[in-house]
Each structure stands twice: as structure tokens, then as C-alpha cells.
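Now for the letters of each chain:
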Amino acid sequence: MNRNQIDKLTAAIKTLEETLAAKTHATELYTELDERHKVDDKRNERVYIDVQLVLLKLIELDTLKENFTASVFFALKWREPLLDTAEDPLTFDDFWNPKILIDNNALNYSKEIIWYEVKREDGKAFIVENHRVEGTFLGKVNLTAFPFDTQKLGISLISERSENEVFFVEDCRNISITYEKCVAEWYLHDRIDFETITSSEEFKQTKNKRPGIKVSCRVTRKPWSFLCNVILIMALIVALSLITFAVQPHQLHGRLQLTMILMLMLVALKFTVRNRLPRISYITYLDVYFMISFIYMAFVCVWHAIVENLNDYKADQALVTVFACIFIVYHVIFGVIIIQSQGKNMSCFVMKNTSRAGYRIV
């Protein structure tokens with residue numbers, strides 16, 4: 001083997017050694033990055049997530065479909081020790097994340113923006129995940145007090161991690177509020193409630209509980225439209241039943257005909273209103289008012305049927321006053337019940353939740 005061949009062989013061996021060294025270094029680097037990712041992805045202790053929500057705009061509340069459309073901003077803040085002595089990163093993909101989902105979204109978001117930032121408080125670094133969402137969300141409605149009802153609209157945030165890794169609390173340093181107070185037929189209250197929830201993965205054999213938080217606000221219906229267009233009309237129809245006493249008692253056909261027409265008008269109005277409400281298995285305040293009014297008119301009709309056989313015109317005249325007093329009394333009682341229920345609801349809204357149970361500054 002001549003000198004030239006030895007030099008080529010030596011150069012080839014040197015190149016091979018450099019290649020092997022570079023490959024070994026790359027393998028060690030990737031291994032280190034993987035280990036770092038594993039450490040960041042799962043922490044040894046539970047992470048507390050501070051939640052802030054601002055209801056920017058309530059676009060629509062559909063009680064028939066039991067959903068609402070709104071524009072919402074919410075922020076999630078958690079402790080990140082790796083950034084205590086480091087500069088703000090350009091990307092947050094390599095850091096721990098709670099993996100948040102909106103659990104009660106009804107449709108795809110029409111608009112969603114997510115951005116991250118770093119906040120430093122008392123020398124400690126926090127990552128803040130901001131969301132701006134406009135979409136439709138599911139929400140059960142309780143129409144017991146309809147049309148004087150107050151509904152609770154909420155957004156449920158669920159983490160894909162286990163409850164041993166994540167715990168949600170209200171962010172006491174950043175206030176959660178509602179911006180737009182009056183929307184169409186609803187009035188928005190200032191107070192926002194926070195409630196910790198859990199969700200089970202039903203599709204898996206091992207049902208791990210996933211932690212979450214439900215952030216909700218309350219809206220009260222403006223009842224004036226229903227008062228003028230429904231309840232007032234019902235009251236006038238019932239009051240008109242007293243005019244049937246102007247017909248002579250012996251003209252049974254005329255009295256019964258007028259009363260039956262008024263009862264059919266009352267039933268038609270009731271079914272018109274019913275079509276605007278979801279199918280529910282309980283009665284509402286409006287149902288109670290209708291039933292009392294219908295029973296009232298049924299008694300008027302019964303009296304017309306028997307007064308002709310009694311031949312007592314003085315009793316007929318006295319019954320006009322009795323029925324008029326009953327009409328006034330049950331409307332007064334109904335109004336008092338409504339005012340009391342509304343007063344209780346308003347007192348609950350005004351009361352501030354000073355207790356910060358479960359809150360912890362990390």
C-alpha cells in the first residue's frame with residue numbers, strides 16, 4: 001500500500017469518526033429535549049389555574065333551543081418556575097399547559113383568538129393564556145318563574161388533565177365582569193359566579209375525572225312585553241266575563257255563548273305563548289295564572305247554567321260583586337307573589353361573595 005492510499009484511508013476514517021461523533025451528539029441532544037419535555041408536561045404537584053372571565057356581549061338567548069350566543073374573553077394564569085430567571089420566550093409550545101376545552105359549546109366557534117403572555121409578580125413568573133371567543137353555548141333554562149324568570153348562563157372549561165394535576169380557582173387580582181348590561185329583552189347582572197366541576201371520560205374503561213370550572217352570570221327577563229301583550233290581555237278577557245251578567249238570567253243561551261267565546265279566546269292566547277317556550281315538564285307562573293283564570297271563568301259558566309233554575313235574580317246580582325271581588329283578590333295575591341320572588345332574586349344578586357374558598361396564591 002503506497003503513501004497516497006494510506007492518506008485517503010486515514011481521511012476516510014477521520015470523516016467517519018466525525019460523522020459518528022455528530023450523530024452521537026444529536027442523539028444526546030434529542031434525548032435531553034425529550035426528557036425536558038417530559039418534565040414540563042407533567043409536574044410533581046398540582047397546578048392552580050387562576051381564571052378570569054369577561055362577558056363582552058350577549059348576542060342572543062334562545063330559551064326555545066336552550067342555548068345562547070355570546071362574545072367572551074377569558075384568561076387562564078398559572079405558575080411557571082422555568083421562566084423565573086429566563087427571558088420571555090418567543091413560543092410557548094415547550095412549556096406546561098393545562099389543555100383547556102370548552103365543554104358546553106353547541107356549534108363551531110365563529111371566531112376564536114388565542115394568545116400567550118408572561119406576567120411577573122413578586123419575582124415569580126406566570127404564563128397567561130388569553131382567549132377571545134364568539135360562539136353558541138348550551139345552557140339549561142329554568143322557566144318556573146316565566147315571564148319573571150332569571151336565567152343562569154355559564155361556560156364550562158374542562159382540562160384534559162387529571163384532577164391530581166390541575167385545580168381551578170377564581171382570579172381575585174383581575175375582576176370578572178359583564179360589560180353590556182341591557183340586551184334586547186334581558187338585563188345582565190354584574191355578579192359572575194365560579195363553581196368547580198368534574199367531568200368523567202365515559203368512553204374509556206378507566207374513568208378518570210377531569211377537573212374544570214363553570215363560570216356563569218345571571219340575566220333577568222324584562223317582563224313588560226309579556227305583561228302588556230299576554231297577562232293584561234288575559235286579565236281583560238277574564239274581566240269581560242263579568243259583562244255576561246248584563247244578559248238576563250233567563251237567556252241562558254246568550255250568557256253561555258258569550259262565556260264560551262271568552263274561554264276559547266283565553267285558550268288560544270295560551271297556546272300562542274306556549275309555542276314560544278321549550279317543552280318542559282313543570283308549570284310556570286304563567287301556567288298558574290292561566291289555570292286560575294280558566295277555573296274562574298268555568299265557575300262563571302256553571303253559575304249561568306244553574307241561575308235560570310233558581311229563579312233568584314237577587315242572588316245573581318250579588319254574585320256579580322262576589323266574582324268581581326275574587327277577580328281583584330287573586331290578582332293582588334299573584335302580584336305579591338311575583339314581587340316577593342323578584343325581591344329574593346335581587347337580594348341574592350346584590351350580595352357579594354366575599355369568601356374565596358379554595359383560592360391560593362402560588
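Cut-off values and rules
Residues numbered from 1 in each chain as written. Predicted model: local features only at pLDDT ≥ 70, side-chain atom pairs only at ≥ 80, totals over all residues. Heavy atoms only, no water. Helix = DSSP H or I, 4+ residues; strand = E, 2+ residues; numbered from the N terminus. Salt bridge = Lys/Arg side-chain N within 4 Å of Asp/Glu carboxyl O. Buried < 20%, exposed > 50% of the residue type's maximum accessible area, 1.4 Å probe, protein only. Core = buried A, V, L, I, M, F, W, Y, C linked by side-chain atoms within 4.5 Å. Contact = heavy atoms within 4.5 Å. Axes fitted to C-alpha atoms, helices over the stretch in contact; angles between N-to-C directions. Parallel < 35°, antiparallel > 145°, perpendicular 65-115°, else oblique. Nonpolar A, V, L, I, M, F, W, Y, C, P; charged D, E, K, R; others polar. 1 Å grid on protein atoms, 1.4 Å probe; cavity = no way out; pocket = protein on both sides within 12 Å on 5 of 7 lines; lining within 4 Å. Points joined across faces, edges and corners; volume = space filled by probe spheres on them. Expected span 1.5 Å × (residues − 1). Left-handed = near helix turned anticlockwise from the far one by under 90°. Pairing = 2+ DSSP bridges.

Peer 1: Even after reading the chapter, I still don't get the environment of Val 302, so can you show me in this structure?
Peer 2: Tracing the backbone shows Val 302 in helix 4 (residues 285-310). Residues Val 302 and Leu 256 lie 46 residues apart in sequence; the distance between their C-alpha atoms is 9.0 Å.

Peer 1: Would you take a moment to explain the pattern of salt bridges for this structure?
Peer 2: Side-chain pairs of opposite charge can arise whenever the charged atoms involved come near each other. One pass over the full model with this rule turns up 10 salt bridges. The partner of Arg 221 in a salt bridge is Glu 185, and the shortest N-O contact between them spans 3.4 Å. In this pair, Arg 221 sits in strand 11 (residues 209-221) while Glu 185 sits in the loop between strand 9 (182-183) and strand 10 (186-200), placing the two residues 36 residues apart along the sequence. With relative accessibility at 31%, the residue Glu 185 sits in the partly exposed group. One salt-bridge network, held together by shared partners, links Asp 149, Glu 185 and Arg 221.

Peer 1: Is there a simple way to explain the nonpolar core in this structure?
Peer 2: Side chains of nonpolar character tend, in soluble globular proteins, to be buried together. With 37 residues, the main nonpolar core has Ile 49 and Leu 157 as its most contacted residues. At the level of elements, strand 1 (47-62), strand 2 (67-79), strand 3 (100-102), strand 5 (124-138), strand 6 (150-159), strand 7 (166-170), strand 10 and strand 11 are the ones that each hand at least two residues to this core. A per-element tally of this core places strand 1 first, with seven residues. When sequence neighbours within four positions are dropped, the list of residues in contact with Leu 157 reads Val 51, Phe 74, Leu 76, Ile 100, Leu 101, Ile 102, Pro 211, Gly 212 and Ile 213.

Peer 1: Any chance you could explain the packing of helix 2 (residues 224-240) against helix 4 here in plain terms?
Peer 2: Helix packing for two helices is described by the angle between their axes and how far apart those axes are. Where helix 2 meets helix 4, the closest approach of the two axes is 10 Å, and the angle between their N-to-C directions is 10°. For the element pair helix 2 / helix 4, the angle class is roughly parallel. Seen from helix 2, the contacting residues are Val 230, Ile 231, Met 234, Ala 235, Ile 237 and Val 238; seen from helix 4, they are Leu 286, Tyr 289, Phe 290, Ser 293, Tyr 296 and Met 297. Residue composition of the contact of helix 2 with helix 4, by class: 11 nonpolar, one polar and no charged.

Peer 1: It is not clear to me how the side chain of Asp 287 should be interpreted in this structure. Could you clarify?
Peer 2: Among the secondary structure elements, Asp 287 is positioned in helix 4. On the basis of relative accessible area, Asp 287 is assigned to the buried category, the value being 9%. In this structure, Asp 287 is in contact with Lys 270, Arg 274 and Tyr 282, ignoring residues within four places of it in sequence.

Peer 1: For this particular structure, what's the right way to read empty space enclosed by the protein?
Peer 2: Take a probe with the size of a water molecule and roll it over the atoms, and the empty space left behind shows itself. Considering all chains together, one arrives at four cavities of 30 Å³ or more under this definition. What the largest cavity holds in volume is close to 90 Å³. Around the largest cavity, the lining residues are Leu 53, Leu 55, Leu 58, Phe 68, Ala 70, Val 72, Leu 153, Gly 154, Ile 155, Val 215, Ser 216 and Cys 217.

Peer 1: What am I meant to see in the layout of surface pockets here?
Peer 2: Considering only enclosed or pocket space, the second largest pocket measures out at about 270 Å³ in volume. Lining the second largest pocket are 14 residues; nearest its centre among them are Asn 104, Leu 138, Gly 154, Ser 156 and Lys 214. Looking at the lining of the second largest pocket, the element that brings in the most residues is strand 6, giving five residues. Grouping the constituent residues of the lining of the second largest pocket by class yields four nonpolar, six polar and four charged.

Peer 1: Is there a simple way to think about helix 4 in this case?
Peer 2: For an α-helix, the turn length of 3.6 residues means that residues three or four places apart are oriented alike. The end-to-end C-alpha separation of helix 4 is 37 Å, in line with the 38 Å expected for 26 residues at 1.5 Å each. When we look at burial in helix 4, the residues that qualify are Leu 286, Asp 287, Tyr 289, Phe 290, Ser 293, Tyr 296, Met 297, Val 300, Cys 301, Trp 303, His 304 and Val 307. Of the residues flanking the end of helix 4, it is Asn 311, one or two places downstream, whose phi is positive at about 55°.

Peer 1: For this particular structure, what's the right way to read the side chain of Ser 156?
Peer 2: Looking at where Ser 156 falls in the secondary structure, it is placed in strand 6. Classification of Ser 156 by relative accessible area gives buried; the value is 9%. Ignoring sequence-local partners within four residues, the contact set of Ser 156 consists of Leu 101, Ile 102, Asp 103, Asn 104, Ile 197, Ile 213 and Lys 214.

Peer 1: I'm lost on the packing of helix 2 against helix 3 (residues 252-274) in this one. Help?
Peer 2: In contact at an axis separation of 9 Å, helix 2 and helix 3 are set at 165° when each is read in the N-to-C sense. Classified by the angle their axes make, helix 2 and helix 3 are roughly antiparallel. Relative to helix 3, helix 2 is oriented so that their crossing is left-handed. Contacts from Phe 226, Asn 229, Val 230, Ile 233, Met 234, Ile 237 and Leu 240 of helix 2 reach helix 3 at Leu 262, Met 265, Leu 266, Leu 269, Lys 270 and Val 273. Its residues placed into classes, the contact of helix 2 with helix 3 shows 11 nonpolar, one polar and one charged.

Peer 1: Before we go on, may I ask you to explain the pairing of strand 2 in this structure?
Peer 2: For a regular strand, side-chain orientation follows a simple rule: the groups alternate between the two sheet faces. Of all 13 residues in strand 2, 13 are buried; the element is thus mostly enclosed. The two faces of strand 2 match: Asn 67, Thr 69, Ser 71, Phe 73, Ala 75, Lys 77 and Arg 79 on one face and Phe 68, Ala 70, Val 72, Phe 74, Leu 76 and Trp 78 on the other face are all buried. Where strand 1 lies against strand 2, 11 bridges are found, and the strand directions are antiparallel. Residue Leu 58 lies in a different strand from strand 2, and its bridge partner there is Ala 70. Taking the residues that link successive antiparallel strands as the turn, the strand 1-strand 2 hairpin has four residues, and the phi of Glu 66 there is positive, at about 55°. When strand 2 meets strand 5, the two strands line up antiparallel, connected through 13 bridges. Across the sheet, the residue bridging to Ala 75 is Asn 130, located in strand 5.

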